[in-house]
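# Analysis of the macromolecular model
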Amino acid sequence: MSTSSVLSLEAVKLTYPDGDRRLTALDDVCLDVAPGELVAVAGPSGSGKSSLLAVAATLLRPDAGRVVLAGRDTAGMSGRERTALRRERIGIVFQQANLLPSLTAEEQLLAVAHLRGESVRAARSRAAELLESVGLDAAKRRRRPHQLSGGERQRVNIARALSGGPSVLLVDEPTSALDHERGERVVELLAEVTRRHRTATVLVTHDRALLGVADRVLSMADGRLGEG
Amino acid sequence: MFVALRDIRFARGRFALMGSVVALITTLVVFLYGLTDGLAREATSAVAGLPADRIVFGAPKGAEPEVSFSGSSVDDGQLAAWRAAPGVTSAEPFGVAMTRLTAAGKASSVSAFGASGRLLPPLLSGSAPGDGGVAVGERLARESGVRVGDRVTLGAEELTVSAITADRSHGHAPSVWTTLAAWQRAAHQQQPTALAVTGTGGPDGPAAEATEAVGADAALEGIDGYAAEHGTLQLLQGFLFVVSALVVGAFFTVWTVQRRPDVAVLKAVGASSGYLVRDALGQAAAVLLAGAALGAAAGAGGGALAAAAVPFELSAATVAVPVGAMVLLGLAGSALAVRRITSVDPLTALGASR
C-alpha cells in the first residue's frame, strides 16, 4: 500500500456462488489510487469491473484481501460503519444517473446533505456552486430528472457524488447511456473534478476510446487487473 | 422528511387519493362514534343519571335475580333488608316501564319512571311531582306542546304536568317522572323495578340471595337491547379501524416496492435504514394526519347537522378518540409496509446483474 494513496485494494479476492461452484469475480486484485488521480479500468462486460467498484464502495465484502479507504481498513467494519464511511468519504457516479424522480437537480444534492445531517439551508449555496461547476445553469438546477437531457442528468449525478466532499470517487460506466460526443465531455468533466476536488477517482468503462484523459489506464479480464 | 415531503409534492395525485380514502374512513368513524354515543345516551341517560352507587335488581323468592330492568321487581322485604343493611346510606325504590304519554291528542312513546323526588333529573321549571303529577323532559314537552299545569294521560292514568326536567331517556324513549304510586297505576305494576342504592355493603340472608347489586355502569347492560346495540356499533368501529390500517398498509406496501430503486440509491450514497424508515414513516404520518384532520372536520360538521334528525353526540372525545386511533393504526399498518426498506440491497443501485 502506497503511503500517499487514499484508496488501496490489497490482494482482494471475490467469488460468487454459481450453481455448485463459485465464480471468481476478483482474483488477487491490487490497486492504489492517490488524491487527484484518475485511474481508468477498462475491460469487457463480465470482466469484474463493477465487482471491483462494489468492493471499493464497501457494498460488497471481499472473500480475501484488504480494502483500505482514507486510512481505514474496512474489513472489520459493521454495516452501519460502512454506511457511514460511504456517506462521509465515498462518492458514487452511477451508470444510469439514478436520480430521484421527485427531486430537482439541486435537491438531489441537498438530499445527500440532509442525510449527512447538514443544514439544507447551508448546503444550498454549495449545491448551486457544484451544479454550476458541472455546467448546469440556474434554470436547469430547478428541473427534475425527466426535464433534463441524458448528459445533464449525468452531470447532476457527478455533482451529487461530489456533494459530500468525498476522498474517493467511484465512477461506473458513466458514458454508457450517452453518445460519443457527450460521453467525451463527461469523462473530461470527471478528469477536471478529480484534479479540482483532489479525489482518488476510479472510473470503470468498456469504452477505451474515452480514456485519453486518465492518469493511468488499467485493464481487467477474468477478474484480474493488469496494466493497460 | 426531506425526500418524503418532496415525494408527496411530486406524486400529489396518488397521495391525494390516499389522503381522501383516509379522510372518508375517518368521516365514517367519527360519524359512527358520535352516533354510538348518541344512541347510548338515548338508551341509558335516565339510569346513568340516577344519583346511585349501585342498582339492585330483584326477583321473586326462589327465582334467580338477573340484571334486567324488564325482568326485575323488588318486594317490600327486599327493600327493607337493603335499607337496614350496614354501610347502605340510602336505598330508593324506583319503577321503570315503557308506555305512552298522550297530550292534546298527540301520543308519544315514553319511558315512565316512578320514583321519589330525590331521583329526579334537574328541574328546569315547576316542582317535583306529587301523587297525580308528572315531570316531563324538555324536548318531549317542546315536541308535544306540553307546559306545566297541562293535563296529560300516562298509560291510562290522568296526570298534571308539574315540572319540566332536563332531558333523560331510557331504551330510546324520552323519560317522564312521577311518584311510585302513580307509576304503579299507570304501568299496572305492583312492585318497583329496582333500587337505587348509595353506600357500601348489603344485606345477608334471603334478601341477598334474591337480589343482585351491580355498579351504575354495569346496570346499563340491563336495559333491553342496549348491550347488543352498543356491541354491534363498536364492532363496526373496530372493522373500520382494521380496514383503515389495511388500506394504508397496502398503499405504503405498493409505494415502498415502487421506491426500491430510489431507496437502493440513497443507501448506496450513505443513508442508513433508520433514516429511510423514519423518512417513510414521517410521510405516512403526514398523509394520515392530513386525511384524518379533514375527515374529522367533515364527520364533526356532518354530525352536527345530522344531530337535528338523529341521536348524534358531538364532543371532543367522539372526535379525538377515533382520529387518534385512525392515525395510530394507520401508522402501524404503514410501519409493517415500510420495514421492507431495511431489506433493500444498495448494491442494486450499481446494476442488477451483479
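Residues numbered from 1 in each chain as written. Chains lettered and ligands numbered in written order. Predicted model: local features only at pLDDT ≥ 70, side-chain atom pairs only at ≥ 80, totals over all residues. Heavy atoms only, no water.

Before going further, it helps to spend a moment on the interface of chain A and chain B. With 27 residues of chain A at the interface, the matching set in chain B holds 22 residues. When chain A packs against chain B, the two sides together hide about 2400 Å² of surface, and 68% of this comes from carbon and sulfur. Taking the shortest distance from any N to any O, the salt bridge between Glu 107 of chain A and Arg 6 of chain B comes out at 3.2 Å. The interface formed by chain A and chain B contains eight residue pairs in polar contact (both at pLDDT 80 or more). Sort the elements by how many residues they give to the side of chain A that touches chain B and helix α3 (residues 105-115) of chain A lands first, with six residues. Here the residues of the side of chain A that touches chain B sort into 14 nonpolar, seven polar and six charged. (Contact = heavy atoms within 4.5 Å. Buried area = accessible area lost by both parts, 1.4 Å probe. Salt bridge = Lys/Arg side-chain N within 4 Å of Asp/Glu carboxyl O. Polar contact = N/O pair within 3.5 Å; in protein donor to acceptor, adjacent residues only side chain to side chain. Helix = DSSP H or I, 4+ residues; strand = E, 2+ residues; numbered from the N terminus. Nonpolar A, V, L, I, M, F, W, Y, C, P; charged D, E, K, R; others polar.)

Once that is clear, we can look at the side chain of Glu 106 of chain A. Residue and element names in this part refer to chain A. With respect to the helices and strands, the residue Glu 106 is situated in helix α3. According to the relative accessible area criterion, Glu 106 is buried, its value standing at 15%. A polar side-chain atom of Glu 106 sits 3.3 Å from a polar atom in the side chain of Arg 124. Discounting chain neighbours no more than four positions away, the residues touching Glu 106 are Arg 124, Ala 127, Ala 128, Leu 131 and Arg 141. (Buried < 20%, exposed > 50% of the residue type's maximum accessible area, 1.4 Å probe, protein only.)

In this section: unusual backbone geometry. Located in the positive-phi region is Glu 173 of chain A, a residue other than glycine, with phi close to 40°. Residue Ala 104 of chain B is not a glycine yet carries a positive backbone phi of 50°. The topology assignment puts Ala 104 of chain B in the loop between β2 (88-103) and β3 (106-114).

So, about helix α2 (residues 79-89) of chain A. Among the residues making up α2 of chain A, those that are buried are Arg 82, Thr 83, Leu 85, Arg 86 and Arg 87 of chain A. For α2 of chain A, the elements touching its buried residues are β4 (64-69), β5 (72-73), β6 (90-93) and α3 of chain A together with α9 (260-268) of chain B.

This paragraph deals with empty space enclosed by the protein. For the structure on display, the rule yields two cavities of 30 Å³ or more. Taken as a whole, the largest cavity holds about 100 Å³ of empty space. The wall of the largest cavity is formed by Arg 86, Arg 87, Ile 90, Gly 91, Ile 92, Val 112, Arg 160, Ala 161, Gly 164 and Pro 166 of chain A together with Val 269 of chain B. At the level of secondary structure, the elements contributing two or more residues to the lining of the largest cavity comprise α2, β6 and α6 (150-162) of chain A. (1 Å grid on protein atoms, 1.4 Å probe; cavity = no way out; pocket = protein on both sides within 12 Å on 5 of 7 lines; lining within 4 Å. Points joined across faces, edges and corners; volume = space filled by probe spheres on them.)

What follows concerns the nonpolar core. For soluble globular proteins, nonpolar side chains are generally found buried alongside one another. Formed by 94 residues in total, the largest nonpolar core has its most connected members in Leu 7, Leu 9, Ile 158, Leu 170 and Val 202 of chain A. The contacts of Leu 9 of chain A, once residues within four sequence positions are left out, are Val 29, Cys 30, Leu 31, Leu 52, Ala 56, Arg 66 and Val 67 of chain A. Of all hydrophobic cores here, the second largest spans 25 residues; its members include Ala 46, Val 47, Phe 94 and Ala 219 of chain B. (Core = buried A, V, L, I, M, F, W, Y, C linked by side-chain atoms within 4.5 Å.)

The subject of this paragraph is the packing of α3 of chain A against helix α4 (residues 120-133) of chain A. Residue and element names in this part refer to chain A. Where α3 meets α4, the closest approach of the two axes is 9 Å, and the angle between their N-to-C directions is 130°. The pairing of α3 with α4 is recorded here as oblique in orientation. When the axes of α3 and α4 are compared, the crossing they make is right-handed. Contact with α3, carried on its side by Ala 105, Glu 106, Leu 109, Leu 110, Ala 113 and His 114, involves Val 120, Ala 123, Arg 124, Ala 127, Ala 128, Leu 130 and Leu 131 of α4 and no other residues of that element. Of the residues that constitute the contact of α3 with α4, the class distribution is ten nonpolar, one polar and two charged. (Axes fitted to C-alpha atoms, helices over the stretch in contact; angles between N-to-C directions. Parallel < 35°, antiparallel > 145°, perpendicular 65-115°, else oblique. Left-handed = near helix turned anticlockwise from the far one by under 90°.)

To continue, consider the side chain of Ser 90 of chain B. Residue and element names in this part refer to chain B. Residue placement: Ser 90 occurs in strand β2. Polar contacts involving the side chain of Ser 90 include one to the side chain of Thr 198, which spans 2.7 Å. Residues within four places of Ser 90 in sequence aside, it is in contact with Arg 118, Ala 196, Val 197 and Thr 198.

Now for the sheet that holds strand β2 (residues 21-33) of chain A. Strands belonging to one sheet form pairs held by backbone hydrogen bonds; the direction of such a pair is parallel or antiparallel. Residues and elements named next belong to chain A. Taken in spatial order, the four strands line up as β2-β1-β4-β5 in an open sheet, and their pairing is antiparallel. Pairing within the sheet leaves two strands with one partner each, and these edge strands are β2 and β5. Two strands pair when backbone bridges link them, and strand β1 (residues 7-18) and β2 are joined in this way by nine bridges, in the antiparallel orientation. Across the sheet, Ser 8 pairs through a bridge with Asp 32, a residue of β2. On top of the sheet, helix α1 (residues 49-56) reaches β1, β2 and β4; it is set at about 120° to β1, its chief contact. (Pairing = 2+ DSSP bridges.)

Let's shift gears to the pattern of salt bridges. Under the criterion given, the structure shown has 22 salt bridges over all chains. A salt bridge links Arg 87 of chain A to Glu 88 of chain A; the shortest N-O distance between them is 3.9 Å. Taking the shortest distance from any N to any O, the salt bridge between Glu 107 of chain A and Arg 9 of chain B comes out at 3.1 Å. Here Arg 9 of chain B lies in helix α1 (residues 2-10) and Glu 107 of chain A lies in helix α3, a pairing that spans two chains. By relative accessible area, Glu 107 of chain A is classed as buried at 9%. A single network of salt bridges, built from pairs that share partners, joins Arg 87, Glu 88, Arg 116 and Glu 118 of chain A.

A few words now on the packing of aromatic side chains. To describe a pair of aromatic rings, you give the distance between the ring centres and the angle between the ring planes. Residues and elements named next belong to chain B. Counted according to the given criterion, the structure contains nine aromatic pairs over all chains. With centroids separated by 5.6 Å and ring planes inclined at 80°, the aromatic side chains of Phe 15 and Phe 251 adopt a geometry described as edge-to-face. Taken together, the residues span a long stretch of sequence, with Phe 15 in helix α2 (residues 12-48) and Phe 251 in helix α8 (residues 226-258) at a distance of 236 residues. When its relative accessible area of 17% is taken as the criterion, Phe 251 is described as buried. Here Phe 15 falls in the buried class, since its relative accessible area comes to 4%. Ring-pair connections join several aromatic residues into one group, and the members of that group are Phe 57, Phe 69, Phe 94, Phe 113 and Trp 177. (Phe/Tyr/Trp six-rings, centres within 6.5 Å; stacked < 30°, edge-to-face > 60°.)

All names here are of chain B. Looking at chain B, the domain boundaries give domain 1 (2-43 + 227-347) and domain 2 (60-209). Summarising the inter-unit geometry, the C-alpha centres of domain 1 and domain 2 are found 46 Å apart. Between domain 1 and domain 2, the contact holds six residues from the first and six residues from the second. In this assembly, domain 1 packs against domain 2 so that about 430 Å² is buried in total across both faces, 27% of it on carbon and sulfur atoms. The three residues of domain 1 that bury the most area against domain 2 are Glu 42, Ala 43 and Glu 229, which together make up 78% of that side's buried surface. (Domains from an automatic or database assignment.)

Moving on to the sheet that holds strand β8 (residues 200-205) of chain A. All names here are of chain A. The sheet built from six strands is open, its strands ordered β6-β7-β8-β3-β9-β10 with mixed pairing. Looking at which strands have only one partner, the edges of the open sheet turn out to be β6 and β10 (224-227). The average angle at which neighbouring strand axes cross in this sheet is 20°, direction not considered. In the sheet, strand β3 (residues 38-42) pairs with β8 via five bridges, with the strands oriented parallel. If you follow Val 41 over to β8, its bridge partner there is Val 204. This element, α2, spans β6 and β7 (168-172) of the sheet and lies at about 80° to β6. Packed onto the sheet, α6 meets β6 and β7 and runs at close to 170° relative to β6.

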